[in-house]
Structures are given as structure tokens and as C-alpha cells.
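# Chain and residue survey
Here's the letter readout for the chains.
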Amino acid sequence: MRRRSLQLLCFVFLALVVATAQGNKPAPAQPGAEYSGMYNFLRDGEFVQVTVEDQGNVTGFVSRFGDSDSDRGAFLDHFFKQGKLDTNKLTFTTQAVHGIWFEFRGTIERGDGKNMGDEAYYVLRGTLTENTADEAKKTTSHSREVLLKSFPQDASPAKN
């Protein structure tokens, strides 16, 4: 009798483990999550970090060299104030740093990279607007068409 009870208990426990494992399947990846990563920016050493989150929300930042007398050569990070991905249409606006902020409106497309992780596997193609506010709060804008390439990613872990 005791043996049967133990067998029954083991059977029930095993059934619960299997049922729980089947119910805990990993959630499907966020649509657009594959676009998350670093992309080159306007000059060598500058970049854009794009992170696609739930429901097409995008976070990230532009890291660039300062141009003014007070920040020339220093890295400035312009965090996204807002960002959105709708299918492959990407928009973002950064916060102002030292009176400068950026707006991007365009698409994320497949680039020339042959394999996932290659440079330019994805590209950001669109219009980048640089906005500058002077001391009198007068804003000037300069727009240009850009093609920002994804950085290459090492698929294998670093070896020591």
C-alpha cells in the first residue's frame, strides 16, 4: 500500500513538472528586436544605440563628439526623448544637450552585410535633422539624408 502511494505521488509530481514546463514556453521575441544594436553616426567614433522594446517603443541615445568651444572633442550623449518603430519605420527625437538635439525619420532596412552580425547587416536610412537653439532661444535646423550602418558584432565570446 505504501509503495503504491509513493508511486502515485511520484506520478502526480512528474505530471505537474511536465505540465508546468509546457506552460512556461518562452515568449516570442519582440517584433523588431532584431534591429536593436549600435549604428554608426556622422563621424568616425560616433554612434547611435537603438533598443526596440514592447509595442514598438524605442529607447537609445546618440553618442557624438562636441563641436562648441566648451565641449570640443568630448563625448556627448543625447538620450532619446521619444522613439517609435512601426514595422520598419523608425522615428526618434533626442533630448537637447548644449542646445543641440536630433530627429530621425526613416526606415530600418537590410544592408549589404551578408550574415547577421556583419557590419551593415541592417541600416537606418532616412532624414536626420540637427536642431540648434542659440542663447536667444532661436532654433535653426539642418536636415540631411543619412545611411547609418549597424556595427559588426562578434558572434563568439572573447577568449582569454
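Here the structure is shown first, and the text comes after it.
Note that this is a predicted model, so its numbers are computed, not measured.

Below, the discussion takes up the packing of aromatic side chains. Inspection of the entire model under this criterion finds 9 aromatic pairs. Here Phe 65 and Phe 75 contribute two aromatic rings whose centre-to-centre distance is 4.6 Å and whose plane-to-plane angle is 35°, an arrangement assigned as tilted. Linking Phe 65 in strand β3 (residues 58-65) with Phe 75 in strand β4 (residues 75-86), this pair joins segments that are 10 residues apart in sequence. The exposure class of Phe 65 is partly exposed, given its relative accessible area of 23%. The class for Phe 75 is partly exposed, based on a relative accessible area of 44%.

Mapping Arg 144 onto the fold places it in strand β8 (residues 139-149). Each C-alpha atom, one on Arg 144 and one on Phe 104, is 9.9 Å from the other, the two residues being 40 residues apart in sequence. If we skip the residues at most four places from it in the chain, Arg 144 touches Leu 42, Gly 126, Thr 127, Leu 128 and Glu 130.

A few words on the pairing of strand β5 (residues 89-94). The pairing of β4 with β5 spans 6 bridges and is classified as antiparallel. In the strand pairing of β5, Asp 86 is matched with Lys 89. Between β4 and β5, which pair antiparallel and follow one another directly, the connecting turn spans 2 residues, one of which, Thr 87, has a positive phi of 60°. Of the pairings in the sheet, the one linking β5 to strand β6 (residues 100-110) comprises 5 bridges and is antiparallel in character. For Thr 91, the partnering residue across the bridge sits in β6 and is Arg 105. Joining the antiparallel neighbours β5 and β6 is a turn of 5 residues, in which His 98 adopts a positive phi near 55°.

In the sheet, strand β2 (residues 47-52) pairs with β3 via 6 bridges, with the strands oriented antiparallel. Paired with Gln 49 across the strands is Phe 61, a residue of β3. Once β2 ends, the chain turns through 5 residues before running back antiparallel as β3, passing Gln 55 with a positive phi of about 55°.

Here we come to the pattern of salt bridges. Taken as a whole, this structure holds 6 salt bridges when the rule is applied. Here Asp 67 ties to Arg 43 by a salt bridge, and the two come within 3.1 Å at their closest N and O atoms. With Asp 67 in the loop between β3 and β4 and Arg 43 in the loop between β1 (37-40) and β2, this pair connects stretches of sequence that are 24 residues apart. The class for Arg 43 is partly exposed, based on a relative accessible area of 39%. The network of salt bridges with common partners includes Arg 43, Glu 46, Arg 64 and Asp 67.

What counts, and where the lines are drawn
- Each chain carries its own residue numbering, running from 1 in the direction its sequence is written.
- In keeping with the model being predicted, local features are shown solely for residues with a pLDDT of at least 70 and side-chain atom pairs are shown and tallied solely at 80 or more, while totals for entire chains, interfaces and linings include all residues.
- Values reported for side chains reflect all heavy atoms of the structure, with hydrogen atoms and water molecules removed beforehand.
- Two aromatic rings, drawn from Phe, Tyr or Trp (for Trp, its six-membered ring), form a pair once their centres lie within 6.5 Å of each other, and the interplanar angle then sorts them: stacked below 30 degrees, edge-to-face above 60, tilted otherwise.
- Each helix is a run of H or I in the DSSP string that is no shorter than four residues. Each strand is a run of E no shorter than two, and both are numbered from the N terminus.
- Whether a residue is buried, partly exposed or exposed follows from its accessible area with a 1.4 Å probe, protein chains only, as a fraction of its type maximum: under 20%, in between, or over 50%, in that order.
- By the convention used here, residues are in contact when the closest approach between their heavy atoms is within 4.5 Å.
- For two strands to be treated as a pair, DSSP must find no fewer than two bridges joining them.
- What counts as a salt bridge is simple: a side-chain nitrogen of Lys or Arg found within 4 Å of a carboxyl oxygen of Asp or Glu.

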